[in-house]
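Coordinate inspection notes
Residue-level listing of the chains:
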Amino acid sequence: MKTLLLSKNDVREVLSMDIVIDAVADAYRAFQRGSVDQPPIQTLDMREHNAESDIKSCYNRDNSCFSIKTVGLFQDNAKGAGPYTTTEGEKLPNMMGNVILGDGKTGATLAIMDASLITGIRTGAAGALSCKYLAREDAKVAAVFGVGAQARMQAYALAKVRKIEEFRAYDKFAGPELMAAYQADVERETGARVVLCGSVEEAATGADILICPTPSREAYLKPEYVKPGMHIVEVGVDAEGKAEVEPAVFAKCDKIVCDSISQCVTRGETRNAILGGAIQEADIYGEIGEIVLGLKPGRESAEEITLFDTTGMGVQDNTTAVICYQTAIEKGLGSWFEFI
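Just so you know, the residues in each chain are numbered from 1, in the order the chain's sequence is written. Reporting of local features is limited, given that this is a predicted model, to residues whose pLDDT is at least 70; pairs of side-chain atoms are given and counted only at 80 or more, and all residues count toward the totals for whole chains, interfaces and linings. Values reported for side chains reflect all heavy atoms of the structure, with hydrogen atoms and water molecules removed beforehand.

What about the packing of helix H2 (residues 17–33) against helix H11 (residues 314–331)?
Where we set the bar: Interaxial angles span 0 to 180 degrees and are taken between N-to-C directions of axes, which are lines fitted to C-alpha atoms, for helices over the stretch in contact. Helix and strand definitions follow DSSP, with helices as H or I runs of at least four residues and strands as E runs of at least two, each counted in order from the N terminus. Angles below 35 degrees are treated as roughly parallel, those above 145 as roughly antiparallel, those between 65 and 115 as roughly perpendicular, and all remaining angles as oblique. Crossings are assigned a handedness: left-handed for a near helix turned anticlockwise from the far helix by less than a right angle, right-handed for a clockwise turn. Any two residues whose heavy atoms approach within 4.5 Å are treated as being in contact.
Where H2 contacts H11, the two axes come as close as 8 Å, and the packing angle between them is 130 degrees. Between H2 and H11, the crossing angle belongs to the class labelled oblique. Crossing of H2 against H11: the hand is right-handed. Residue-level contacts link Ile19, Val20, Ala23, Val24, Ala27, Tyr28 and Phe31 of H2 to Val315, Gln316, Thr319, Thr320 and Ile323 of H11.

The following block contains the structure:
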């Protein structure tokens, strides 16, 4: 049986944010209905290379496919020299990985595809879905902490579900060039105004939505920045040692929602809040799949403070990879090869 190989450019050609938002919603429904076998995430720590990689896998009965994704952050790739370049001499991206998509009936490998873009888009889609159900419908201003690739994806996705007029961006480590590039990209893609800020407090003050998509190891979002009616999207914390939101922020929230409670209490920002004594696991309102399926209500008042903690799930990669595979075949993209 032949296997389809899809490059990053192939993946880019078949995926759009609208398509992936729907795919991630399907993933949450499947997970909530119990249609998914999803082992715990495994993390490979390559500290001597300033790198880490996660392995996320699942079998989805809704599409009879299994997927195994390895993707990680290889920060030394920013050096752009020697082994950190492509065969053409270009700088390697910081995020590297692939998805193996298999047939659950036969075990045959259907496709192997680049994982970096899949991961970026489906994570942005997850944040947007939380805003669709938990942010105020009249939300107009969003603060984004960070100006990297995921900070862009969060803005692009959010603009699909809310009429955002202004994004406020702050990044402690980004210089003027990176900040200006983020401003230009987000304004071009969303049509919203982007205001560059000089502090977390400046960005957060008056915002309706706060988005935390950084690999920070030191919490920067303080409870005094959080006001009634806000929705917080916690994206960056997916492993022990990372932190973006002070535990006391959780204590202010009326609804704490996770993608997977079991993952968030062991790997997410929710874990930090529990260890910090701000909340107990019983204080978690539920999982986003329950809200998407209509089993629990999302936002119920304009004054509620809501928070979504996402550590990312294998089933999100699964549903997105299946769409990539099917659409690539329809469009004649990729190249075929045989293992057997």
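There is more to say after this.
A look at helix H3 (residues 116–134)
Note the following rule: To estimate the expected span of a helix, count its residues, drop one, and scale the result by 1.5 Å. Only protein chains enter the accessibility calculation, which uses a 1.4 Å probe. A residue is then buried if its area is under 20% of the maximum for its type, exposed if over 50%, and partly exposed in between.
An ideal rise of 1.5 Å per residue puts 27 Å on 19 residues; H3 measures up with 27 Å between its terminal C-alpha atoms. Within H3, 17 of the 19 residues are buried, leaving the element largely enclosed by the surrounding structure.

Overview of H11
Taking 1.5 Å as the rise per residue, H11 with 18 residues should run 26 Å; its terminal C-alpha atoms sit 26 Å apart, in good agreement. Burial analysis of H11 places 14 of its 18 residues in the buried class, the great majority of the element. With its phi angle positive at about 70 degrees, glycine 332 sits one or two positions after the end of H11.

Focus: the packing of H3 against H11
At their nearest, the axes of H3 and H11 sit 10 Å apart, and the two run at 120 degrees to each other. Between H3 and H11, the interaxial angle falls into the category oblique. Both H3 and H11 take part in a crossing whose hand is right-handed. Note on element contacts: H11 touches H3 through Gln316, Asp317, Thr320 and Cys324, opposite Ile118, Thr119, Arg122 and Ala126.

Let's talk about the environment of alanine 111
For alanine 111, the position within the fold is in strand S7 (residues 109–114). The spatial distance from the C-alpha of alanine 111 to the C-alpha of asparagine 77 is 26 Å, given a sequence separation of 34 residues. Leaving out residues up to four positions away in the same chain, alanine 111 has contacts with Thr3, Leu4, Val99, Ile100, Leu101 and Tyr325.

Quick notes on the sheet that holds strand S9 (residues 166–170)
Sheets are built from strands paired through backbone hydrogen bonds, the pairs being either parallel or antiparallel. We count it as follows: Two strands are said to pair when DSSP picks up at least two bridges between them.
One open sheet holds the eight strands; their spatial order is S10-S9-S8-S11-S13-S17-S15-S16, and the pairing between them is parallel. Whereas interior strands pair on both sides, the edge strands pair on one side only; in this sheet they are strand S10 (193–196) and strand S16 (286–287). Of the pairings in the sheet, the one linking S9 to S10 comprises four bridges and is parallel in character. Bridge pairing in S10 places phenylalanine 167 opposite valine 194. Helix-sheet contacts for H3 involve strand S11 (209–212), strand S13 (231–234), strand S15 (255–258) and strand S17 (306–309), and the interaxial angle to S13 is about 160 degrees.

Observations concerning the pairing of S11
Along any regular strand, the residues point their side chains to alternate faces of the sheet. Alternating positions in S11 separate into two faces, Ile209 and Ile211 on one and Leu210 and Cys212 on the other, with burial throughout. Relative to S11, strand S8 (residues 141–145) runs parallel, the two sharing three bridges. Along S11, the bridge assignment pairs alanine 143 with leucine 210.

Section: the side chain of lysine 69
We apply this condition: Side-chain atoms alone can form a polar contact between residues adjacent in sequence; in general such a contact is a pair of N or O atoms within 3.5 Å, and within protein one must be able to donate a hydrogen while the other accepts it.
Looking at the secondary structure, you find lysine 69 in strand S5 (residues 65–74). Polar side-chain contacts of lysine 69 include one of 3.0 Å to the side chain of aspartate 317.

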